[in-house]
Amino acid sequence: MSAIGVIGGSGLYNIEGLTLKRKKAVRTPFGRPSDHYTIAELRGREIIFLPRHGSDHSIPPHMINYRANIYGFKRLGVERIISISAVGGIKKGLRPGDIVLLDQIIDMTRTRRSTFYDGRQGVVHIDFTEPYCPEMRRVILEAGRKAGVRIKNGGTYVAVEGPRLETAAEIKAFGMLGADVVGMTGMPETSLARELEICIAGISVVANYAAGISKKKLTTTEVMEVMSATTERLKRLLSGVLESIPPERHCPCKEALKDARI
Ligand code: HPA
């Protein structure tokens, strides 16, 4: 069975039963990933962690080398990635601390290197109708149910450039477009995984009400506090997910490049 990748903060490394094995620095044709990869084992399964912003949280969202991060996972034999992120809540009813299992994306990023196929490797158009792996989504929902961790099933993530937060009018517009949550890192991370036929699931934690949704000033301090208060629940969920991912894949992601090339 292939390794499972986890992108998220290092607060997740001390899951019960998880043994940390080694750290691995990976070089890629696209440059350096955000940090070394931490290779661990959970009941016989290899789990590989990468902190998206670096272990000291020094890389802002628009400066992350998304291509290197995803390519590095591929190099290490990862076929499935669980991507954990903080988001602002747009949709009515979403509150800080809520966990959302994403199912759609609207990409509003502008300046990022967003493909592995810039012509040299041929012209490739991957199908991205369903950006997240349906099989992983099912496993995550079931694991949440078993672990007693409440998950909002489905959510549209609007990816923005950052690093500034949004204006109230932007959030109002994103809401009218159908976005439920807003974040700065979901793209091109998700489509790059698809380009390498890696399954990816997006688990987002609502860290704050998005701009203009509440009258309060938005602060990074609040975002960090909510994220650390959610760590225990996330770890419980992740532990269940990692145990129940089936050894073989039964999803379209694994054949994303079939008939995608000109
Ligand atoms: N906007 C964009 N990205 C975010 C937010 C937000 O309100 N909260 C956490 N990441």
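Rules behind the numbers
- Residues numbered from 1 in each chain as written.
- Predicted model: local features only at pLDDT ≥ 70, side-chain atom pairs only at ≥ 80, totals over all residues.
- Heavy atoms only, no water.
- Phe/Tyr/Trp six-rings, centres within 6.5 Å; stacked < 30°, edge-to-face > 60°.
- Helix = DSSP H or I, 4+ residues; strand = E, 2+ residues; numbered from the N terminus.
- Buried < 20%, exposed > 50% of the residue type's maximum accessible area, 1.4 Å probe, protein only.
- Salt bridge = Lys/Arg side-chain N within 4 Å of Asp/Glu carboxyl O.
- Near = heavy atom within 4 Å.
- Polar contact = N/O pair within 3.5 Å; in protein donor to acceptor, adjacent residues only side chain to side chain.
- Areas by Shrake-Rupley, 256 points an atom, 1.4 Å probe, with all protein chains shown as cover.
- Axes fitted to C-alpha atoms, helices over the stretch in contact; angles between N-to-C directions.
- Parallel < 35°, antiparallel > 145°, perpendicular 65-115°, else oblique.
- Left-handed = near helix turned anticlockwise from the far one by under 90°.
- Contact = heavy atoms within 4.5 Å.
- Nonpolar A, V, L, I, M, F, W, Y, C, P; charged D, E, K, R; others polar.
- Pairing = 2+ DSSP bridges.
- Right-handed = clockwise from strand over helix to strand, strands pointing away.
- Core = buried A, V, L, I, M, F, W, Y, C linked by side-chain atoms within 4.5 Å.

Draft legend 1. Structural context of the packing of aromatic side chains. In this structure the tally under the stated criterion is five aromatic pairs. Ring geometry for Tyr 71 against Phe 116: centres 6.0 Å apart, planes inclined by 50 degrees, an arrangement best described as tilted. Remark: Phe 116 occurs in the loop between strand 7 (104-107) and helix 2 (134-147) and Tyr 71 occurs in helix 1 (residues 66-75); sequence separation between them is 45 residues. Judged by relative accessible area, which is 22%, Tyr 71 ranks as partly exposed.

Draft legend 2. Representation of the pattern of salt bridges in the model. Considering all chains together, one arrives at eleven salt bridges under this definition. A salt bridge links Arg 43 to Glu 243; the shortest N-O distance between them is 2.4 Å. Here Arg 43 is found in the loop between strand 3 (37-42) and strand 4 (45-50), whereas its partner Glu 243 is found in helix 5 (residues 220-244), with 200 residues between them in sequence. For Arg 43, a relative accessible area of 52% translates into the label exposed. Here Glu 232 and Lys 235 are joined by a salt bridge, their closest N and O atoms 3.2 Å apart.

Draft legend 3. Molecular detail of the site of the ligand. In the vicinity of the ligand, the residues found are Ala 86, Val 87, Gly 88, Leu 165, Glu 166, Val 182, Gly 183, Met 184 and Asn 208. The backbone of Gly 88 places a nitrogen or oxygen atom 3.3 Å from a nitrogen atom of the ligand. Residue Asn 208 places a side-chain N or O atom 2.7 Å away from a nitrogen atom belonging to the ligand. Across the complex, the protein chains shield 93% of the 260 Å² of accessible surface that the ligand would expose by itself. Looking at the shell around the ligand, the elements that each hand over two or more residues are strand 5 (78-89) and strand 10 (181-183).

Draft legend 4. Spatial organisation of the packing of helix 2 against helix 5. Look at helix 2 against helix 5: their axes get within 8 Å of each other, and the N-to-C directions meet at 125 degrees. Judged by the angle between their axes, helix 2 and helix 5 are oblique. Every pair of crossing elements has a handedness; the one defined by helix 2 and helix 5 is right-handed. Contacts between helix 2 and helix 5 involve Val 139, Ile 140, Ala 143, Gly 144 and Ala 147 from the first element and Arg 236, Leu 237, Gly 240, Val 241 and Ser 244 from the second. Of the residues contributing to the contact of helix 2 with helix 5, the split by class is six nonpolar, three polar and one charged.

Draft legend 5. Looking closely at the pairing of strand 9 (residues 156-159). Of the two faces of strand 9, the one lined by Thr 156 and Val 158 and the one lined by Tyr 157 and Ala 159 are each fully buried. Bridge count for strand 9 against strand 10 is three bridges, and the pairing is parallel. From the neighbouring strand, Tyr 157 faces strand 10, where its bridge partner is Val 181. With helix 3 (residues 168-177) bridging strand 9 and its parallel neighbour strand 10, the resulting β-α-β unit is right-handed.

Draft legend 6. A look at the nonpolar core. Judged by nonpolar contacts, the single largest core of 36 residues is most densely connected at Ile 82, Ile 203, Leu 237 and Leu 242. Listing elements by their share of this core, those giving two or more residues are strand 1 (3-7), strand 3, strand 4, strand 5, strand 6 (99-101), helix 2, strand 11 (199-209) and helix 5. Residue contributions to this core peak at six residues, all from helix 5. Once you skip the residues sitting within four places of it in the chain, Ile 82 turns out to touch Ile 4, Gly 5, Val 6, Ile 7, Met 136, Ala 201, Ile 203, Leu 238, Val 241, Leu 242 and Ile 245.

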